[in-house]
Amino acid sequence: MKKSIILLLLSIFAFGDISLFAQQDEELIIYPADRKTAKPIKISIDESERPRRSHTLETDFPKKYAEYDSLLYTVKNPEISDAFTFLMTYAPLSDLADYSTEFMLTNAMYAVRAKHETPWGNTIPEHIFKHFVLPPRVNNENLDSFRIVMYQDLLRRVKHLPMYKAALEVNHWCHERVTYQASDGRTSAPLSTIRYSFGRCGEESTLLVAALRTAGIPARQVYTPRWAHTDDNHAWVEVWVDGKWYFMGACEPSPELNMGWFAVPSTRTMFVNTRVFGRYNGEEPGVVQSEKFSELNLISNYTKTKEVEIKVVDEKSQPVKGALVEFQLYNYAEFFTLTKSETDENGIAKFKTGYGDLIIWASKGDAYGFSKLDRKATELTLKITDKPAYKPMTLDIIPPDEGEPVKVKPENKALCDSRIHKEDEMRAKYMATFPDSVNAKKYIEEENIKSEPYVDYLVRSYGNWKEILNYIKMAEEKYPNEAANYILLSVISAKDLRDTKAEILMSHLASALQLQSPKYSLGDWANYILNPRIRNENMLAWRGISYKLAKISGIKHEELLAMSNFEKVMTISDFINNRITIDNVSNTHSRSPITPLGMFNIMRSDDNSRDIFFVALLRDLGVPARLNPGTAVPQFYDDEKKQWIDNNFNKVKSKGDYGFVSFVNKSKLEPKYYSNFTIRRLEGGRFHTYEFDDIMPISEMPDKLEVPTGKYMLVTGNRKMYGDVLATISYFDVTKGKTTKVDVKMRDIPKASDPWMVLNTKSYQIEDMNSGKSQLLSNAINGKDFILAIIEPDKEPTKHFMADLKLLQAHAETKKMPLIFLLEKKDSQTKPNISLFKNTPNAIFAWDFERNILNKLEDYKREELGDNLPIVIYGKANGKLFYFNKGYKIGIIDEIIKIIK
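Each value, and the rule that gives it
- Residues numbered from 1 in each chain as written.
- Predicted model: local features only at pLDDT ≥ 70, side-chain atom pairs only at ≥ 80, totals over all residues.
- Heavy atoms only, no water.
- Helix = DSSP H or I, 4+ residues; strand = E, 2+ residues; numbered from the N terminus.
- Rg over C-alpha atoms; globule rule 2.2 N^0.38 Å.
- Buried < 20%, exposed > 50% of the residue type's maximum accessible area, 1.4 Å probe, protein only.
- Areas by Shrake-Rupley, 256 points an atom, 1.4 Å probe, with all protein chains shown as cover.
- Lys, Arg positive; Asp, Glu negative; His and termini not counted.
- Charge placed at Lys NZ, Arg CZ, Asp CG, Glu CD.
- Pairing = 2+ DSSP bridges.
- Axes fitted to C-alpha atoms, helices over the stretch in contact; angles between N-to-C directions.
- Contact = heavy atoms within 4.5 Å.
- Phe/Tyr/Trp six-rings, centres within 6.5 Å; stacked < 30°, edge-to-face > 60°.

1. Structural notes on the overall build of the chain
A tally of regular secondary structure across the chain gives 27 helices and 41 strands. For the chain, the C-alpha radius of gyration of 29 Å lies close to 29 Å, the compact-globule estimate for 901 residues. Referenced to the eigenvectors of the C-alpha coordinate spread, the extents of the chain come out at roughly 85 × 75 × 75 Å. Across the 901 residues of the chain, 58% fall into the buried class. Just so you have it, the chain exposes about 38400 Å², and 48% of that area is on carbon and sulfur atoms. The chain carries 122 positive and 121 negative side-chain charges, and their two centres are separated by 2 Å.

Structure, rendered in structure tokens:
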């Protein structure tokens, strides 16, 4: 019998024996990694079961189809060919553009392998396997070889466990490698997150889903786009075990499933969603069903729900078919769209949500209308008009009530806590290999390179430090003492330092140095020509794409370079408009931008990727280009007019006209952009928020903020302690070249005159963790107002809270305030790791002597608080307590500062 090709899948960084697939004409043989003791697994082949080829791919991407078809011909096993076809058929644009068909086939083969090498693999229904085990993509991360590299290690950890315990074990595996730390919105790949050992919740959950799928356990990343009771969002993981979906905190091990610090906050959600690879027809309700992906509404898994029905009518009270209805939540001082849908022939749109207030926005063309939907209401009739009154209004917005926490057996919690502590120690040992400033200086100077410009960048590169050091060596060798060598490191993002290869940085440096011009300042050249970071795309070595443009357009590259900036813009715009097909649906699951280099592979794009492509092409031709920081509209610098010019691809109808806004504080406290106010510009019946990179106090905002002309909405909000918001809406116009003064006035929160409790600080002793000495709590606060927190340093909620403490340093009232951190002393407990918090100013870490303070609080609150840490309290020097919060939530420090002021 003639044998077909044998595919050897070698894991370069695998943690054990090489394993392989051997494909014969009638069977697939899988040799397990521990094949000395395990028998090979044989899967029979029935040619009649082989799936059809992907005709969608053939029609839309003929080049990609040819690659796929050629590889598919060599795959004789129906399971693998079916899985491969599924991945290629439903691949988003980013994956078709930037990843090879061989990569997709390899992932399909490893997924099938896990199905047959785990005891639970064959119990998973086919539709669950395809949508929640097979796909390598989780969110908008750039894909890597995680499944191949980590397969052996993960299988060894879990294949002898029942499925429930295996899921918990995978989370411990992830926590050994990664913990929480805030970062920017670009989602790093799983291997990159492991390399630098930390990530935000979106990256932690991406890692955990990838790890669970690698182990053959169905998993999906779930997400509340915005909390109702506080300004932020959160991502976690759902895992399918023995026929049921459970939730778990990513890289946050717990004794059981359906536990996590967010378990109680999730009872206050208004929307929990997940994006599914491929068209999904499962039992969960969908809010989006497209050809390439599905979006599910999972809120019923977390809280009480209601289905709301919105009827949209015109000025004559007639139903409006095809109106866009947006279900919006107040968060970050804007009305954020949780989801949207079009009305049916009766003008009706429906949505399942929680019991909190929503803003309902409906629009069609230039006509729009909006109204608050009360937390208990289930119906609303909304009139839209193209002649709105623009009347100021006040709104009180109330989130859902809080649910009950899940209880856990003390013995299970103690065992899990012990493991978490050991895992923190393991990770700390790895992180200790990262260079500090002393070692960074030493490593650089050993290469005979002046260290001063580079030390900070090497330290901030964490586990990627060898790549950054290699870049420094190559750059200084090729371009000795060139300022651009370290300037390049200054213009890319902090995350780029942590996951970019030396060769990629060198390619951008070498190309940009050839494009320096005395027409531009060093700062403009560095930020808008040298800088390879454009938005949130995967940063690759894309320089040289202008040569591809010239070749396809039939223009000599030197002629292209000799054009004026305006001529280059017109040439690139014509190429994009005539050669690139815009498709804003087929990349919706990924939302990962197509890289500038990948664009030439498929000649198809969503709007965001097209704008990045436009900017990259201009920078590659020596033209300063960017996405406008506030509107994200692509812009280029006009040499003749000496100003930035929009190239809006019909995205914004401002025609490049700009005016100015000057903000005036009319509030008792200083408002912050995103915390207390935003401005939003009207475009086609919808208001869009003007973007900044981060929260910004009004005193630090530009005196004259340049914005596109048009009608604007000002939203202000002041959030109360338990999540209610006192909001206002007003309007103003911006005209070309003129400055509009905008008064920002928040509604005042009534001041609580009485404390919720009085604590006799002279009656309670605390024991210093470092010295072992005891002292009265009154001595520790030393006659000052104080913040007292009962914490668990090894747990994610405490880590979140400790990360927020830096906000105290920005306020004179709290900069020198004593911070008393108490821990519950347990006889069996190893000393918690507080080294990560050693730089916290004014901090005292102590044992709560015999649990006296926690007991007092539990007696007063009449509930057990030990499972809801951190407990955070603000008190006056006289022991009167004016703030109490159990469990972590965003904005604790802001709430305390409001009370103080």
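2. Observations concerning the pairing of strand β35 (residues 765–768)
Strand direction decides the pairing type here: β35 and strand β36 (residues 774–776), joined by three bridges, are antiparallel. Each bridged residue has a counterpart across the sheet, and for Gln765 the counterpart in β36 is Leu776. Here β35 hands over to β36 after five residues, with Gly772 in that stretch at a positive phi of 80°.

3. Description of the sheet that holds strand β30 (residues 705–708)
Read across the sheet, three strands follow the order β30-β25-β33 without closing on themselves; strand pairing throughout is mixed. Since the sheet does not close on itself, it has two edges, and those belong to β30 and β33 (739–744), each with one partner. Averaged over all pairs of adjacent strands, the angle between strand axes in this sheet comes to 40°, irrespective of strand direction. Two elements, strand β25 (residues 658–665) and β33, share six bridges in a ladder whose sense is parallel. Following the sheet pairing, Phe663 is matched in β33 by Val742.

4. Some remarks on helix α27 (residues 892–900)
For α27, the full list of buried residues reads Ile892, Ile893, Glu895, Ile896 and Ile897. Looking at the buried residues of α27, the elements they touch are β37 (786–790), α25 (796–804), β40 (871–875) and β41 (880–886).

5. Thoughts on the sheet that holds β37
Spatial strand order, β34-β41-β40-β37-β38-β39-β35-β36: eight strands in an open sheet with mixed pairing. With one partner strand each, in any of the chains shown, β34 (757–758) and β36 form the two edges of the open sheet. Where β37 lies against strand β38 (residues 819–823), four bridges are found, and the strand directions are parallel. Paired with Ile790 across the strands is Leu822, a residue of β38.

6. What about the packing of aromatic side chains?
A complete count under the given rule lists 48 aromatic pairs for this structure. Centroid distance Tyr673 to Phe692: 4.8 Å. Interplanar angle 75°. Geometry classified as edge-to-face. Highlighted residues: Tyr673 in strand β26 (residues 672–673) and Phe692 in the loop between β28 (686–689) and β29 (696–697), separated in sequence by 19 residues. Both residues of the pair, Tyr673 and Phe692, belong to the buried class.

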